[in-house]
Amino acid sequence: MSVKFKDYYEVLGVARTASADDIRKQYRKLARKYHPDINKRPDAEAHFKEIGEAYEVLGDVEKRRRYDQLGANYRAGQDFAPPPGWEQMRYDFGARPESSGGYTAEDQGDFSDFFESLFGGGGFRPSGGFRPGGGSRPGGGSRPGQAGGGPFQNFRRRRGEDHEAELTISLEEAFHGVKKPIHLQVARMDEHGRVLRESKQYNVQIPRGTTDGARIRLAGQGGQGAGAGPAGDLFLLVKIAPHPVFRLAGADLEVTVPATPWEAALGAKVPVPTMTGNAMLALPAGTQSGQRLRLRGKGLVGERNHGDLIVIIQVAVPRHLNEKEKALFAELARVSTFNPRA
């Protein structure tokens, strides 16, 4: 059977001497441009299949070598019959992970009669044999074992990629929870395959008690799916900005509170800052400098967290004493038997 010769180099727009890397780059560029999920022109699907078939040959070392043996004298559209011996040649062909940057031979649908005359049948046969407008293959009917299908049925549904971005919030926002509008730079592809960047606003609900490093999922806000597949998700990695008073330790908060020597020695109630105002903390008699006391439930508390406030006592010694204070400290030194270095 005579078929029409296809100049795969012409289809991809590369020279016959082009390197494998140049061929791969050109294919990815054209695949993005003509993929029917992106390009809505009536002839986009046909171009997409054609460049996919061309890359199936030129992107494979052995198939390209065999194709090049036909020589450079054939012209696209010229009647062609395989040379003697080619009828017995059978090749594996289909999706290669590196081939399409996200598009696979399964997306392409049927290969041409020219391809099959050179490399054998057995190509991907997605259901419906999609043609523009949802029809079947010319000549009527589907391939054996196929069911009819509507437009784009032969393009494999693929979920879009998940994206991630950082979101910095204040400790107050993490503690109380807040609905926060944010703007992010996102990328999208236009109908010509060009990647455009634009600003998009999201209204993000920060749950009460959110901790540093938490991830907030925005369903369906990631990369666009292919073949009517669902979009991916956007994950926001939460960073809590440093606070002038409190330090974060997981869901717990830490704060340093000074105490006088007599408060620490005799015991006392001292005011302690919390995220909701001052609270009174009872120092036990004999509290040491650096001792850690806990106020339960005063940290980051939410659906998954139950943090506490850790109060670190720092005994402060007065720098300047009046005469009476000097006398009292001198009397204490005379009568006390306490020796911290014993």
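Right, let's walk through the structure included here. Quantities reported herein were computed from a predicted structural model and do not represent experimental measurements.

**Some details on the sheet that holds strand β7 (residues 234-240)**
Strand pairing in a sheet takes place through backbone hydrogen bonds and is either antiparallel or parallel in direction. One open sheet accounts for three strands, arranged β3-β7-β6; its pairing is mixed. Looking at which strands have only one partner, the edges of the open sheet turn out to be β3 (163-169) and β6 (215-218). When strand polarity is set aside, the average angle formed by the axes of neighbouring strands in this sheet is 30°. As paired elements, β6 and β7 share four bridges and run antiparallel to each other. Residue R215 lies in a different strand from β7, and its bridge partner there is L237.

**Things to note about the environment of Y202**
Inspection of the secondary structure puts Y202 in strand β5 (residues 195-206). A sequence separation of 20 residues divides Y202 from I182, and the C-alpha atoms of the two residues are 5.4 Å apart. Residues in contact with Y202, not counting those within four places in the same chain, are K180, P181, I182, L184, V186, L218, Q221 and L234.

**Focus: the packing of aromatic side chains**
Inspection of the entire model under this criterion finds six aromatic pairs. Pairing Y9 with Y67 gives two aromatic rings, centres 6.1 Å apart and planes at 40°, and the pair type is tilted. Of this pair, Y9 sits in helix α1 (residues 8-12) while Y67 sits in helix α4 (residues 61-68), and the two are 58 residues apart along the sequence. In this structure Y9 comes out as buried when scored by relative accessible area, which is 2%. By relative accessible area, which is 1% here, Y67 ends up buried. Aromatic ring contacts, followed pair by pair, group F5, Y8, Y9, Y67 and F114 into a single cluster.

Rules used in this analysis
- Residues numbered from 1 in each chain as written.
- Predicted model: local features only at pLDDT ≥ 70, side-chain atom pairs only at ≥ 80, totals over all residues.
- Heavy atoms only, no water.
- Pairing = 2+ DSSP bridges.
- Helix = DSSP H or I, 4+ residues; strand = E, 2+ residues; numbered from the N terminus.
- Axes fitted to C-alpha atoms, helices over the stretch in contact; angles between N-to-C directions.
- Contact = heavy atoms within 4.5 Å.
- Phe/Tyr/Trp six-rings, centres within 6.5 Å; stacked < 30°, edge-to-face > 60°.
- Buried < 20%, exposed > 50% of the residue type's maximum accessible area, 1.4 Å probe, protein only.

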